[in-house]
Every structure is written in structure tokens, then in C-alpha cells.
Amino acid sequence: MKKNMITGSKLWSIAMITSLLAACSSPATTSTTANAATSTTGTTKTVSVSEQTSVKYADLVSLDADDTNISWSEADSTAIKLNGTTATVTGSGAKAANGSVTISEAGTYVLSGELTDGQIVVNVADKGTVHLVLNGATIHDNDSAAIYIQKAGKAVITLEKGTKNNISDGKTYVYADATTDEPDAAIFSKADLTFNGAGQLTVTGNYNEGITSKDDLKVISGTISVIAADDGIKGKDMVAIQAGTITIQAEGDGIKSTNDTDTTKGFVAIAGGTFDIQSGNDGIQAETALVTDGGTYTIVTAGGSANAPAKVEEGPFGGGGGGWGGGTPPTDMGTPPDGEPPADMPEMPNNSGTNAGANTNDAAASNSANVTATTDNNADADTATTATESTSAKALKAGTDLTVNGGTYTIDSMDDSLHSNNNVTVNDGTFNIESGDDGIHADQALTINGGTIMIAKSYEGLEGAIITLNDGDVDVTASDDGVNAAGGETETAANTAASTDNATTATDATTTSNISVTETTGTTSTTDQVSQGTTANQQGRGPGGMGGAAASNNEFHINGGTLTVNAGGDGLDSNGSINMTGGTVIVNGPTDSGNGALDYDGTFEISGGYLVAAGSSGMAQGTSDASTQNTIVMTFPATQKAGTLVHVQDSEGNNILTFAPAKDYQTVVVSSPDLAKDGSYVVYSGGTSTGKAVDGLYTDGTYSGGTQVVAFQSTSNVTWVNESGVTTANSGMGGPGGGRGQGGFGGGRNRTQSGTTSESTGTTDSEK
């Protein structure tokens, strides 16, 4: 006789699908979460992180004795022997009937054998702890959850060491009526659910999800493999993983938490473990916070970055591209740029892949008491989605804060690889990333305090409203901008007179982070955007051009570490300002004249560290005059081939720069503590070096064999030179604004002008 089900028909939820086709859509504005605050006071926007950013697993997760208990004995447990469609119970607290086993008392139950079409039901009225020991058990239910925890204080499933266990359901569920949609997973619990032990568990969710808990879900240990028609492992209030080996193949999300009504819940916290996740949607998704302390992760979402939809940057007439004009090349730029796209610019990913889990089927309901629900590979998808909509397919995704304290990550994601709707903090870890969109994206603050981050493929490498690099080794390859400080709230041209304190000092950033436009420790920088906008509009717009939007309060701070960028668009792009106090930055910028190796709308103040940026000349910018460290901006008379050394030395022959750009270039910016305001320098092209290059930069060895381009006397802290000597920086050429600038045709970026106003004073080889 077939068991009766006390459940209801499948009620499909309909969710709006977020679009991935827009290359630079505006992130969320004001955040009201406890971890971050965004506010607008007068004309100054504040984005701050006032809480600890070194939050760890132990700060969020507490374990009790039941969570870690793996012991049992025959004397103090009830044995459940499974045999085909029946079961034999030896002991108290459980009964077998009609193909199901119902557990009604707290205690320990040891399951072994095979149940080919039946269910283990836990219904404990006193809400005590039920300890299920899977001791070589195979359980399959054709039309419902194989293990269903209806009521209990807590359920603990122990995987007995040395055993293999299999739990599965069918593709079609049968419910008693049409009022509920539970259970909907092969293992489904309405109570807290914990997995522990040293055995193996394979869960196949043919109908919908693999493992679901409507409360807390914890994994202490074990080897768990999940195959699911939708989500792999889902907990409502939390998913906490202390250790274990977890493999997931899911058409929906790999691991997720869902509580969106309590800000203290809905998080995912991982202390360690080994993870292999292939998901149609997000790899690991937290409704609130996502914290990883360690572990080894291999994550592929939606078939990987190759399946990302093509990105299209808006042109000069659109809000995304800004207007023509507003660049800061020198007066004499040598050979005019032809405006052609770079030959070696990475190809945009095609849209050859399919959106996993995008197809939905309506549940077929009969007029009888029993209702049959057929599997839906993405129950949260709307059947009316259009070709311009797509599911989220990020690797690590947090609704509030994403904190990475360590671990090794190999990621190939169709969407962003690391993403937060609020803040991202990377304190440590090793990352190998291929992304179809952003490598790392934060709607508000993105802070890197350490780690080794290799973004081998992305549309934009690092993106956030406020980006801070305090330490670490970051290598970015991007088809558009390498680093993009954009998003958050912006200001109009009428409200741009603002003084901001730039966060230039990292005060034990791995413990607390006070990143703020208006209140932080560090050097004070005042930006008069109204004045700058007027100057840029008067000097820089093209024929018939119109003034564009002023700079926003987005910021990019470089306080330490190393950053290497290879970008098809702008190398370093800030819709506000850039501030550098330390570290080493190497930029291989664009080869087309519509972008620049450096692109900022406010100021770029440098007071320490080492900067070299090579790229095209059409939109070239140097650092700002307010900088306390000196800079040289060299524009060659013609485009130099990739790999051609550019060498700068002082009058005593000391090396300032020996660099082999990875791509064709015409302008090189170098800023070094060794540069003097009134120093004498010589620029060479070509030649060789006996030293060893790291990312094209030679810091040792002997340079020889090059051709002298120009010798000159520096007369300013930002000196623009060409083959004729020192020249004047202005905005006579310009080009389309990048990033998320605003404005129509003309003057789109209102760039701050920097450089000397002296006449040409250098000499060239032909004059000697």
C-alpha cells in the first residue's frame, strides 16, 4: 500500500531576473545595513565601513555538543534495517508502515540497507534532538523527499566512517492537496540540520533541490556529493561549513542561504574544506554576509566565462560613455592617433552558452485529492523572461558583505567572480579568476588587504565605489577597464564643490576598516570640481562640444601591494579621484585613443610608491600638480611596438625606469621617489637589459643599445615631454569618456589638468 503524503502542490515562485547585458549598469545606492553606510550630506557623499572587516567563521557560528557528536552504540540506539519497500525497526521511537519509517522520539537511529521507494520521516513533538546515523544506507523515494524532518529541535545526520550512503528522489512529487509546496528536496528539514562524520554521502535531487533546511544548516565534516535540478545545498538562516569535501552539480545555485527578513541571519560562513561546484546560477550565494576563512574552491558557473553575453560600451552620446573632449594630452603629441581599435584587444565573450535552468514547466494539477508536480529545473525563473534577461551566475555572491580571510580559489564564472551588493574585503587568499564580467565587484567599498589575486580574464577587473589596495599581489587582465572606481551615489555639476579626506593610511586594515570619503585618517585633498569643470569645458571640448558632468566622489586608494593591469579600455579609471601613497603599479593600457592608461575625473595625487603606465596618447593623463611625488609623462612621436623598451635615467646614469610594455604604446607615465623636481633626465627607446623583468619592469641589470629620444630638465612635479623636450599638458584632443561617466557630446569627463607650462627646453639626437 502506498504511503499517504501530508504535503501540498508545488507553488512556483516568480522572480525578476537581473540583466547581465549592460556593461556598466549603476550599482545600488544607499545601503542601510549594519555593516556599511552610504549617505549624502550637502554635496558630499560618504561611503564608509565602520564595522570589523576581519569577521570570521567563529564570529558567526557556534557549535554545540550535538553538532559534533558522531558516537553511537547498539545498546543506546534504535536500528532501522531497510529492505526494498519495507523496513525492520529494532528498538523504540520509530515505526515502519506503508513503505515509510516514522521517528517520533528523540534519540539515535542507525540506518542501513536499501529502501527502493520509501521515506524516513522525523516528527518529534517534544522537539528533542534526533541523531540519524547513515551506516551504509540507500534511500529513494519516487514522489517525495527521501528524508523528511517535519518536526524536531535539531536533526543530526552522521556519515559513519568507511560507509557509502545514497539519498535520492524522483522527478515528480505527489502532494495531498494544493496548499503547500514542501518538501521539495531529497533531504528536507524544517528544523536545524547538521551533517558530520567521516563517511560518504551522495544526494540526488531529481525534483528540485538536493539538501534543504528551513533553519540552520551545518556541515562539520564528511564527503558529500550533491546533484540537483535546482539548488544544491540550501539553508534559510545560515549555511555553516567547518570542513569536509563537497562536490555539487546544480542547475540553480550551488550553496545558498535565503533569510531576507533578519539581517543577523541569511549568511554563509565557511571555515575550510574542499569544494568543487558547477552551478547554473551562483556558486555560493548568501542573502546577507558571506565569509570564507579558508578551503580549496573550484567553481564554474553557467558553463564559465566563455558563455557570458557580449558587452557593449555605450558611445559618446550615451550616459555610459561620457562626451568627446576633456582629455589631457600634451600640446605636441607626435603622430596623431588613428582611432582604430587595438589589434590585440581581447575578444568579447560570445553568447554561445545557454542559461542553465532557464526553462520552466507548469505543474500539472488534477481535480483529485492528490496533486502531481513535475520537476522544474529553475523554479524561481519566470517563463516570460526575454532574451535581454539572464540569471545571476556569480561565483561568490553576498547580499551585504563578502569577506575572504584565506583559501585557494579557481573560478570560471559567466558573471562576476566575487560580488557584493555592499562591501568586499579580501584579507588573504590565492585566486585564479576567469570572469565573463567583473573579476571582483562591490557596489560600495572594495578593500584588498592581502592575498594573491590573478584575474586572467574579465570585462572589468576590479570595480567598486571606493576601492582600496593596502597590500597583496593583484594581476588584472580586462577587455574593458582594469580598475574602475564607479557607482554609488553621484553628484550633478551644480553640486560639486566638496572637500574630501582621502584614505591614504591603512590602520591595521585586516582588523578594522574605516574607509570614508569624508572621515578617515590620511592626507587631506580638496577638489574644487566647479573650477575644474569650467576649465576643462573651456579648454578641452571638441568642435561644437557641450560641457559634461563633473567628477563624482568615487575614489581609488593605493597604499601598498603590487598591481599589474592589462586593459583593453582604461587601465586605472576613477569617476572621482585616485590617491597613491605606496606600492607598485604597472599598467599596460589601451592601444586605441578612446581610452587611457590613466583615466580620472577628479585628481590623481601621488605621494609614494612606484607607478608606470603605458598606453595610447589620445586620452593620456598624468598625475595631478598637487602630488608631492614627481612624475614624467613621455609622448613618443609614433606608436612604439609592444616589447620595445622605454628607459629613463638621470644625469648620473641612475636607472629610473626600464620597462617593456606588453602592448603597443605611445605615452608612458612614470612616477618614482627617485625623480626630482629639478632633475635632468634622458629618455631612450629600444635597446636591451641584462636584468630580469617582472611584468615587463626591470629593477636590476644594465641597460644598453637604445636610441636617445630626448634629454630634458624637469621644472615641475609633473613634467610632460615629447621628442622636442618639455611641453605643456592641455586638453586639446580628448576622446570619449570611459567608465560610468555622464554627459553628452563634448567635455564628458571634466578632467583636472596637470603638468608644466614651460616651453620646450630639451634636446633631441638630431640636434646634437
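Conventions and cut-offs
- Residues numbered from 1 in each chain as written.
- Predicted model: local features only at pLDDT ≥ 70, side-chain atom pairs only at ≥ 80, totals over all residues.
- Heavy atoms only, no water.
- Helix = DSSP H or I, 4+ residues; strand = E, 2+ residues; numbered from the N terminus.
- Buried < 20%, exposed > 50% of the residue type's maximum accessible area, 1.4 Å probe, protein only.
- Areas by Shrake-Rupley, 256 points an atom, 1.4 Å probe, with all protein chains shown as cover.
- Phe/Tyr/Trp six-rings, centres within 6.5 Å; stacked < 30°, edge-to-face > 60°.
- Lys NZ or Arg CZ within 6 Å of the ring centre and 35° of its normal.
- Salt bridge = Lys/Arg side-chain N within 4 Å of Asp/Glu carboxyl O.
- Contact = heavy atoms within 4.5 Å.
- Pairing = 2+ DSSP bridges.
- pLDDT = per-residue confidence, 0-100.
- Polar contact = N/O pair within 3.5 Å; in protein donor to acceptor, adjacent residues only side chain to side chain.

**Focus: the overall build of the protein**
Consideration 1: On a plain count of helices and strands, the protein comes out with three helices and 64 strands.
Consideration 2: Counting every position in the protein, which comprises 768 residues, the buried fraction comes to 60%.
Consideration 3: A total accessible area of about 26900 Å² is found for the protein, and carbon and sulfur atoms account for 48% of it.

**Structural notes on the packing of aromatic side chains**
Consideration 1: The final tally for this structure, using the stated rule, is 10 aromatic pairs.
Consideration 2: For the ring pair tyrosine 600 and phenylalanine 604, a centre distance of 5.9 Å and an interplane angle of 90 degrees mean the geometry is edge-to-face. Like phenylalanine 604, tyrosine 600 is buried.
Consideration 3: Each ring, one from tyrosine 681 and one from phenylalanine 712, has its centre 6.0 Å from the other, and the planes form 40 degrees; the classification is tilted. Taken together, the positions of tyrosine 681 in strand E57 (residues 680–685) and phenylalanine 712 in strand E62 (residues 707–713) put the pair 31 residues apart, joining distant regions of the chain. Phenylalanine 712 shares its class with tyrosine 681; the two are buried.
Consideration 4: Every member of this aromatic cluster is reached through a ring pair, and the members are Phe275, Tyr297, Tyr409 and Phe431.
Consideration 5: Here the guanidinium or amino end of lysine 311 rests over the ring plane of tyrosine 459, the centre of that ring lying 5.7 Å away.

**Comments concerning unusual backbone geometry**
Consideration 1: The peptide bond linking glutamate 182 to proline 183 adopts the cis configuration, its omega dihedral lying at 0 degrees.
Consideration 2: For proline 183, the location among the structural elements is in the loop between strand E13 (172–175) and strand E14 (185–189).
Consideration 3: Of note, the phi angle at asparagine 98 is positive, near 55 degrees, even though the residue is not glycine.
Consideration 4: By relative accessible area, which is 42% here, asparagine 98 ends up partly exposed.

**Some details on the pattern of salt bridges**
Consideration 1: Across all of its chains, the model carries 11 salt bridges by this definition.
Consideration 2: Between lysine 265 and aspartate 237 there is a salt bridge, and its shortest N-O distance comes to 3.9 Å. Placement of the pair is lysine 265 in the loop between strand E23 (255–257) and strand E24 (267–270) and aspartate 237 in the loop between strand E20 (233–235) and strand E21 (238–241), with a sequence separation of 28 residues.
Consideration 3: When salt bridges with common partners are traced through the structure, they connect Asp64, Asp67, Lys154 and Lys218 into a single cluster.

**Considerations on the environment of leucine 193**
Consideration 1: When you line up the elements, leucine 193 lands in strand E15 (residues 192–197).
Consideration 2: Since its relative accessible area comes to 1%, leucine 193 is described here as buried.
Consideration 3: A sequence separation of 44 residues divides leucine 193 from isoleucine 149, and the C-alpha atoms of the two residues are 8.8 Å apart.
Consideration 4: What leucine 193 contacts, discounting residues up to four positions off in sequence, is Ala155, Ile157, Ile187, Ile211, Thr212, Ser213, Asp216, Leu217 and Lys218.

**Some points on the pairing of strand E32 (residues 408–413)**
Consideration 1: The side-chain alternation of E32 yields one buried face, formed by Tyr409, Ile411 and Ser413, and one unburied face, formed by Thr408, Thr410 and Asp412.
Consideration 2: Relative to E32, strand E28 (residues 296–301) runs parallel, the two sharing six bridges. Of the residues in E32, the one forming a bridge with tyrosine 297 is tyrosine 409.

**Observations concerning the confidence of the model for the protein**
Consideration 1: On average, the protein scores 78 in pLDDT, and the residues at 70 or more come to 70%.
Consideration 2: Residue range residues 374–389 is modelled with pLDDT below 50. Its contacts to residues more than four positions away, or to other chains, number 51 contacts.

**Details of the environment of glutamine 119**
Consideration 1: Looking at where glutamine 119 falls in the secondary structure, it is placed in strand E8 (residues 119–123).
Consideration 2: Judged by its relative accessible area of 4%, glutamine 119 falls in the buried class.
Consideration 3: Glutamine 119 sits 18 residues away from valine 101 along the chain, and the two C-alpha atoms are 6.3 Å apart.
Consideration 4: Looking at glutamine 119, its side chain comes within polar contact range of the main-chain oxygen of alanine 145, at 2.7 Å.

**Observations regarding the pairing of strand E16 (residues 200–205)**
Consideration 1: The alternating pattern of E16 places Leu201, Val203 and Gly205 on a buried face and Gln200, Thr202 and Thr204 on a face that is not buried.
Consideration 2: Of the pairings in the sheet, the one linking strand E12 (residues 164–169) to E16 comprises five bridges and is parallel in character. Paired with asparagine 165 across the bridge in E16 is leucine 201.
Consideration 3: Sheet topology places E16 next to strand E19 (residues 223–228); six bridges connect them, and they run parallel.

**Describing the environment of aspartate 143**
Consideration 1: Along the chain, aspartate 143 turns up in the loop between strand E9 (129–141) and strand E10 (147–151).
Consideration 2: Spatially, the C-alpha atoms of aspartate 143 and tyrosine 173 are 4.0 Å apart, while their sequence positions differ by 30 residues.

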